[in-house]
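# Structural characterization, general
What follows is each chain in one-letter form.
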Amino acid sequence: MPRSELQLVRAALGEALSLMFPTACAGCDLRDVSLCDECRHLLVPQVRERDVAGLVVRSGTDFGGVPARVLRALKADGRTGLARALAPALAAAAAGWSRPDVVVVAVPTSRAAMRRRGYRVAELLARRAGLRPRRLLTTTRAVADQRGLGRGARAGNVSGSMRAARRLDGVRVLIVDDVVTTGATLAEATRALQAAGAVPVGAATVASTARRRARFDDRIGNARQIGGG
Ligand SMILES: [Zn+2]
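My aim in this report is to walk through the structure given alongside it, one point at a time. Just so you know, these numbers come straight off a predicted model, no measurement behind them. (Residues numbered from 1 in each chain as written. Predicted model: local features only at pLDDT ≥ 70, side-chain atom pairs only at ≥ 80, totals over all residues.)

## Considerations on the overall build of the protein chain
Let me state the cut-off plainly: Helix and strand definitions follow DSSP, with helices as H or I runs of at least four residues and strands as E runs of at least two, each counted in order from the N terminus. Using C-beta atoms placed from the backbone, we call a residue buried if 20 or more other C-beta atoms fall within 10 Å of its own, exposed if 12 or fewer do, and partly exposed for counts in between.
Across its full length, the protein chain holds 9 helices and 7 strands. Here the protein chain, with 229 residues, has 39% of them falling under the buried criterion.

Here it is, written out as structure tokens:
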């Protein structure tokens with residue numbers, strides 16, 4: 001089916017579904033819209049940078065408030081259409097590395113998450129951001145849900161849980177994920193890629209927890225409170 005027809009069918013399906021299941025804004029619960037203009041505006045990228053185990057990590061927005069709610073709706077409620085609204089944040093974070101010699105690798109989805117959701121969040125976001133993610137990392141064992149685990153426990157939980165699909169000697173890679181919190185997952189992806197000979201040049205995520213930024217704000221004497229999610 002030609003792309004335009006496919007889009008028409010999708011749009012019609014979306015309308016039919018919205019009649020059966022009334023939607024609400026993923027950011028603020030406003031009715032009959034999947035994402036309202038005000039919340040969409042809060043997803044406009046503002047790239048921030050941090051360091052995770054020597055790797056430069058850039059994120060398009062803070063993981064709090066509306067961006068966090070929209071990400072959760074995508075991950076937990078199956079609202080895959082929201083990936084399009086989150087994609088500009090990831091695209092902005094990845095922009096400095098978009099070169100033909102840099103291969104994009106999405107953080108792999110565990111089998112359990114794949115069973116639960118039926119789609120790969122990081123890969124979906126990367127696609128919507130116009131990147132071309134390659135499946136060069138796989139998970140080697142199940143890891144417990146990272147939520148509710150502290151920094152040390154998270155690192156131990158994911159340590160040794162990924163493996164490169166093949167040798168990648170000298171291949172420059174950009175690692176892509178939805179959110180960076182403690183950085184344990186990105187550190188493990190970096191380790192697995194380096195073990196296969198790859199050279200990670202950085203990581204890009206849609207959002208980042210505000211921890212680093214709060215610390216920076218403290219340093220410049222700005223006691224602004226950052227709402228976390
Ligand atoms: Zn809204």
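The rest of the description comes next.
## Brief notes about the nonpolar core
Selection criterion: To count as a nonpolar core, a set of buried Ala, Val, Leu, Ile, Met, Phe, Trp, Tyr and Cys residues must be joined through C-beta atoms within 7 Å. Our contact criterion uses C-beta atoms placed from the backbone: two residues qualify when those atoms are within 7 Å.
Counting residues in hydrophobic clusters, the biggest one holds 61 residues, and the most contacted among them are Val 70, Leu 86, Leu 90, Ala 94, Leu 125 and Val 176. Of all the elements, helix α4 (residues 83-94) adds the most residues to this core, at 10 residues. Those residues in contact with Leu 90 that lie beyond four places of it in its chain are Gly 60, Leu 125, Ala 126, Ala 129, Val 176, Ala 204 and Val 206.

## Concerning the sheet that holds strand β1 (residues 48-52)
Basically, it comes down to this: Strand pairing is assigned whenever DSSP detects at least two bridges linking the two strands. Axis geometry follows a simple rule: fit a line to the C-alpha atoms, using only the stretch in contact for helices, then measure angles between N-to-C directions, giving values from 0 to 180 degrees.
Pairing is mixed across the open sheet formed by 5 strands, whose spatial order is β1-β2-β7-β6-β3. Two strands close off the open sheet at either side, each with one partner strand: β1 and β3 (102-106). Across the sheet, the axes of successive neighbouring strands diverge by a mean angle of 25°, strand direction being ignored. Looking at chain direction, β3 and strand β6 (residues 172-180) are connected through 5 bridges and run parallel.

## A closer look at the environment of Gly 65
As for its placement among the helices and strands, Gly 65 is situated in helix α3 (residues 65-76). Residue Gly 65 is classed as partly exposed on the basis of its 18 C-beta neighbours within 10 Å. Placed 38 residues apart in sequence, Gly 65 and Gly 27 show a C-alpha to C-alpha distance of 7.9 Å.

## As for unusual backbone geometry
A positive phi angle, close to 65°, is found at Asp 32, a residue other than glycine. Structurally, Asp 32 is set in the loop between α1 (3-20) and α2 (37-41). With a phi angle near 50°, Ala 53 is a residue other than glycine that sits in the positive phi range. Structurally, Ala 53 can be placed in the loop between β1 and β2 (55-62).

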